[in-house]
Amino acid sequence: MKVLVIGGGAREHALCRSLSLDPDVSALYCAPGNAGIAEVAELRPVDALDGAAVAALATELGADLVVVGPEAPLVAGVGDAVRAVGIPVFGPSAEAAQLEGSKAFAKDVMAAAGVPTARSYVCTTAEEVDEALDAFGAPYVVKDDGLAAGKGVVVTEDRAAARAHALACDRVVIEEYLDGPEVSLFAITDGVTVLPLQPAQDFKRALDGDEGPNTGGMGAYSPLPWADPKLVDEVMALVLQPTVDELRRRGTPFSGLLYAGLAITSRGTRVIEFNARFGDPETQVVLARLRTPLASVLLNAARGTLDAEPPLSWRDDAAVTVVIASHNYPETPRTGDPIEGLAEVAALDAPDAYVLHAGTRREGDAVVSAGGRVLSVTATGSDLAQAREKAYKAVSRIRLDGSQHRTDIAAKAAEGR
Ligand code: AMP
Ligand code: GLY
C-alpha cells in the first residue's frame, strides 16, 4: 500500500513512524513533513491547504490512501478534493470537520445527540457577552468560535480579561466551568462503526503545575492508571457513537479520527471539545502503545469497511511524551536555532526512547527549530515512572538555546496520585 500523509508536526511524525513499521506499507510519503519525518518517509513539498495540489500529488504518487493530519486542511476541504479524484482519505469532509471548526456547531450536534457537555451561550455582541459572563460567574470560560490552534480558549477568574478576549472574537462561546481531570479519547470511525483507542492525558498549560497560558499541548501520557476501567465503554456509549450517529443522520457522516476532550467532573463525564483529527501530543503516546498495524485500520475507515477490523490490540507498556518548545512559545516563538543532541538520544535508548519532530527543518548539516513546538520526546517503559525517566533522560541530552519544557509530565499519575 502506498500512503501519503499530509502535515508536518510531531503527530504526523508519530503517524509516519507507525506506518513505516507496518509491513503492508510499501511506500510512504509525507507532505510537507519536517526534518525528522524525512528519516522515515519521502518528503514532497505541497501547500497542505490547497486541495487541488494535494489531490494532484496523491494521483502522481499513485497513493492508495491519503491521511490528513491537521485540522486546517480538513476544514478547508482537502479531504473532499482528494476523494473527488477517487483516492480513499482518512479524515472527514469539510462539513463534518465543522465539529472542530466551529465550537457552536459542535454544541448544536451535542445537544441533538444528547451528549453531556458544559452549558453554554453563543455570543456576538457585548451585551450578550456580559449576560453570559454573569450567568455563569467565575471561573470564566471563553472560546473563540473558530479554529485557533489550541490558543482560542481563555479560562480565567478575571472578568475583565474574560470580557476582553470575548470582544476580540467575532463569535464566541461562553460556557460553564468544568472541574475535574481531563482525558483525551480518540476513536477511529468510518461514519458508522466506531473503534475507540486508549485514553491519554494532555498537559495544555505552558508551565509546571498547570500554570501559565494555554498551548497546543506540552506533553502527554497513556494509560491513565487513575481512570475508571469502564471509562472507554462509557464514553463510547454516551459520546462517541451518538455523535457519529447524529452526523450521519444529518447527511454529513464523519469518517476519520474523532477526538473527544473530556472532563471527569463530580457530576459525570462531560465533553470539553471535539477535534476532527488525531491530537497532538496525545497521538505520540497512544500510537507508541498500539500493537495493531495502522495502515489497514486507516484504509478500512477511509473505505467505509471498518466493521471488517478486529478490535485493536495494545501493548502493556506505558508511554510518556515531553514537548520541547521554542523560546517565547506560545507567543511568537523564536526560530532558526540549531538543535543538538539528536544523535545522542538515538544512541541512548532506542527503540524505547525517541525524538519525534514538530517544528524543525534541515539547514545544511544542521537541524534547526522552525516552529513553537519543536520536538516531542517520547519513551515507553513497563510503567509510567519508567517511561517518564527514559523520556526525561532523553530530554536532558537535547540542546536548543532558550527552549522550554515542563518537568512534571505524568508525574502525579506515576506516583499514583
Ligand atoms: P479547548 O480548546 O476547548 O480544548 O480548551 C482548551 C483548554 O481549556 C481545555 O483543555 C481545558 O483545560 C480548558 N477548558 C475548556 N473548556 C473548559 C470548561 N468548560 N471548563 C474548564 N476548563 C475548560
Ligand atoms: N492536544 C490537544 C489537541 O490536539 O488539540
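Scroll up a little and you will see the structure.
A. The arrangement of the site of ligand 2 in detail. Contacts to ligand 2 come from D202, K204, G216, Y259, N275, R277, G279, D280, P281 and E282. Between ligand 2 and N275 there is a distance of 3.2 Å, counted from an oxygen atom to a side-chain nitrogen or oxygen. Take R277: an N or O atom from its side chain is 2.8 Å from an oxygen atom of ligand 2. Split by residue class, the shell around ligand 2 holds two nonpolar, three polar and five charged.

B. Representation of the packing of aromatic side chains in the model. Taken as a whole, this structure holds five aromatic pairs when the rule is applied. Taking the centre distance of 6.2 Å and the plane angle of 85° together, the rings of F186 and F278 count as edge-to-face. In this pair, F186 is assigned in strand β10 (residues 182–189) and F278 in the loop between β17 (268–275) and α10 (282–289), connecting sequence segments 92 residues apart. With relative accessibility at 4%, the residue F278 sits in the buried group. What links up through ring pairs into an aromatic cluster is the set F90, F186, Y259 and F278. Sitting over the ring of Y259, R277 keeps its end group 5.9 Å from the ring centre.

C. Examining the sheet that holds strand β21 (residues 360–363) more closely. Strand order in the open sheet formed by four strands is β21-β22-β19-β24, with antiparallel pairing between adjacent strands. This sheet does not close on itself; its edge strands, each paired only once, are β21 and β24 (399–400). The pairing of β21 with strand β22 (residues 366–369) spans four bridges and is antiparallel. Opposite T360, over in β22, you have S369 as the bridge partner.

D. Structural context of the nonpolar core. Core analysis: the largest hydrophobic core is formed by 76 residues, its most contacted members being L4, V66, L240, F274 and V320. Here this core gets eight residues from one element, more than from any other, and that element is helix α9 (residues 231–249). Not counting the four nearest positions on each side in its chain, V320 is found in contact with A220, Y221, V285, V377, T378, A379, L384, A387, R388, A391, I409 and A410. Listed in part, the 43 residues of the second largest apolar core include L28, I188, L195 and L294.

E. Quick look at the sheet that holds strand β1 (residues 2–7). Ordered in space as β3-β2-β1-β4-β5, the five strands form an open sheet in which the pairing is parallel. The strands lining the two open edges of the sheet, one partner per strand, are β3 (42–43) and β5 (89–90). The sheet contacts of helix α2 (residues 51–61) involve β1, β2 (27–32) and β4 (65–68), and relative to β1 the element is tilted by about 155°. Against the sheet, helix α11 (residues 294–303) touches β4 and β5, its axis set at about 90° to β4.

F. Seen up close, the pairing of strand β9 (residues 172–175). Burial of the side chains of β9 extends over both faces: V172 and I174 are buried on one face and V173 and E175 on the other. Where strand β6 (residues 120–123) and β9 come together, four bridges link them in antiparallel fashion. What sits directly across from S120, in β9, is E175. Two strands pair when backbone bridges link them, and strand β7 (residues 140–144) and β9 are joined in this way by four bridges, in the antiparallel orientation. Considered in β9, the bridge of V141 is made with E175.

Thresholds, definitions, all that
- Residues numbered from 1 in each chain as written.
- Chains lettered and ligands numbered in written order.
- Predicted model: local features only at pLDDT ≥ 70, side-chain atom pairs only at ≥ 80, totals over all residues.
- Heavy atoms only, no water.
- Near = heavy atom within 4 Å.
- Polar contact = N/O pair within 3.5 Å; in protein donor to acceptor, adjacent residues only side chain to side chain.
- Nonpolar A, V, L, I, M, F, W, Y, C, P; charged D, E, K, R; others polar.
- Phe/Tyr/Trp six-rings, centres within 6.5 Å; stacked < 30°, edge-to-face > 60°.
- Helix = DSSP H or I, 4+ residues; strand = E, 2+ residues; numbered from the N terminus.
- Buried < 20%, exposed > 50% of the residue type's maximum accessible area, 1.4 Å probe, protein only.
- Lys NZ or Arg CZ within 6 Å of the ring centre and 35° of its normal.
- Pairing = 2+ DSSP bridges.
- Core = buried A, V, L, I, M, F, W, Y, C linked by side-chain atoms within 4.5 Å.
- Contact = heavy atoms within 4.5 Å.
- Axes fitted to C-alpha atoms, helices over the stretch in contact; angles between N-to-C directions.

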